[in-house]
Amino acid sequence: MDPLVRGMWSRRGIGNVVELTVPRRNGPGTRTRLIGVLHVKGRSYVGHPNGDVGWTRDLEVARHGTVRYHNGVEWSFVATRLPPGEEREQAIRATGQHPFPGNLVYRLGRRQVAAVGVYFRLDDTTAR
């Protein structure tokens with residue numbers, strides 16, 4: 001599915017979908033994924049609803065990466081994994097920002113996401 005989705009994304013964008021690039025934790029190179037970036041009170045968040053996966057483990061170790069929008073705008077960030085608490089809950093509530101059907105899936109699975117989801121705050125380090 002990635003080539004089809006990536007082709008659509010690169011031409012017009014898809015909702016809040018961005019390209020996230022993080023250094024690999026095991027070996028050289030980077031890992032690049034299309035994911036949804038969430039915005040709450042001027043802060044940006046990314047995460048995975050079902051717990052740790054490859055890219056979240058990479059981000060946990062590297063603690064930095066880049067976000068690129070379909071129009072080529074890119075920014076660098078440092079990442080902080082969110083512990084249980086209000087900020088993490090706000091990020092999870094913001095999953096309604098995902099385009100359909102993702103927003104519906106997240107809403108229906110909110111209890112599961114709250115129990116096992118992994119979320120990070122991305123603080124922009126790009127020179128302005």
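Structure shown above.
To start, this report covers the structure provided alongside it. (Residues numbered from 1 in each chain as written. Predicted model: local features only at pLDDT ≥ 70, side-chain atom pairs only at ≥ 80, totals over all residues. Heavy atoms only, no water.)

This part is about a nonpolar patch on the surface. A surface patch of nonpolar side chains, about 360 Å² in accessible area, is lined by Phe100, Leu104 and Leu108. Note on placement: Leu108 falls in helix H4 (residues 102–108). (Patch = residues over 30% accessible without salt bridge, like charges linked within 9 Å, V, L, I, M, F, W, Y side chains within 5 Å. Areas by Shrake-Rupley, 256 points an atom, 1.4 Å probe, with all protein chains shown as cover. Salt bridge = Lys/Arg side-chain N within 4 Å of Asp/Glu carboxyl O. Helix = DSSP H or I, 4+ residues; strand = E, 2+ residues; numbered from the N terminus.)

Residues Leu20, Val46, Leu59, Val67, Phe77, Phe120 and Leu122 are the most contacted members of the largest nonpolar core, which totals 15 residues. Once you skip the residues sitting within four places of it in the chain, Phe120 turns out to touch Ser44, Tyr45, Val46, Thr56, Leu59, Glu60, Ala79, Thr80, Arg81 and Leu82. Val40, Leu82, Ala91 and Val113 belong to the second largest nonpolar core, which has 10 residues in total. (Core = buried A, V, L, I, M, F, W, Y, C linked by side-chain atoms within 4.5 Å. Buried < 20%, exposed > 50% of the residue type's maximum accessible area, 1.4 Å probe, protein only. Contact = heavy atoms within 4.5 Å.)

The topology assignment puts Asn103 in helix H4. Overall, Asn103 belongs to the buried group, its relative accessible area being 19%. When sequence neighbours within four positions are dropped, the list of residues in contact with Asn103 reads Thr95, Gly96 and His98.

What follows concerns the sheet that holds strand S2 (residues 30–36). In spatial order, the strands read S2-S1-S5-S6-S7-S4-S3; together these 7 strands make up an open sheet with antiparallel pairing. The open sheet has two free edges, formed respectively by S2 and strand S3 (38–40), since each of these has just one partner strand. Each neighbouring strand pair of the sheet contributes to a mean axis angle of 35°, computed without reference to strand direction. Contacting strand S1 (17–23), S2 and strand S5 (64–68), helix H1 (residues 2–12) runs over the sheet at an angle of about 65° to S2. (Pairing = 2+ DSSP bridges. Axes fitted to C-alpha atoms, helices over the stretch in contact; angles between N-to-C directions.)

Given two aromatic rings, one states the distance between the centres and the angle between the planes to describe the pair. This model, assessed by the stated rule, comprises 1 aromatic pair. With a centroid separation of 6.1 Å and an interplanar angle of 70°, the aromatic rings of Trp75 and Phe77 are classed as edge-to-face. One exposure class covers both Trp75 and Phe77, and it is buried. (Phe/Tyr/Trp six-rings, centres within 6.5 Å; stacked < 30°, edge-to-face > 60°.)

Read these as spatial facts, not as claims about activity.
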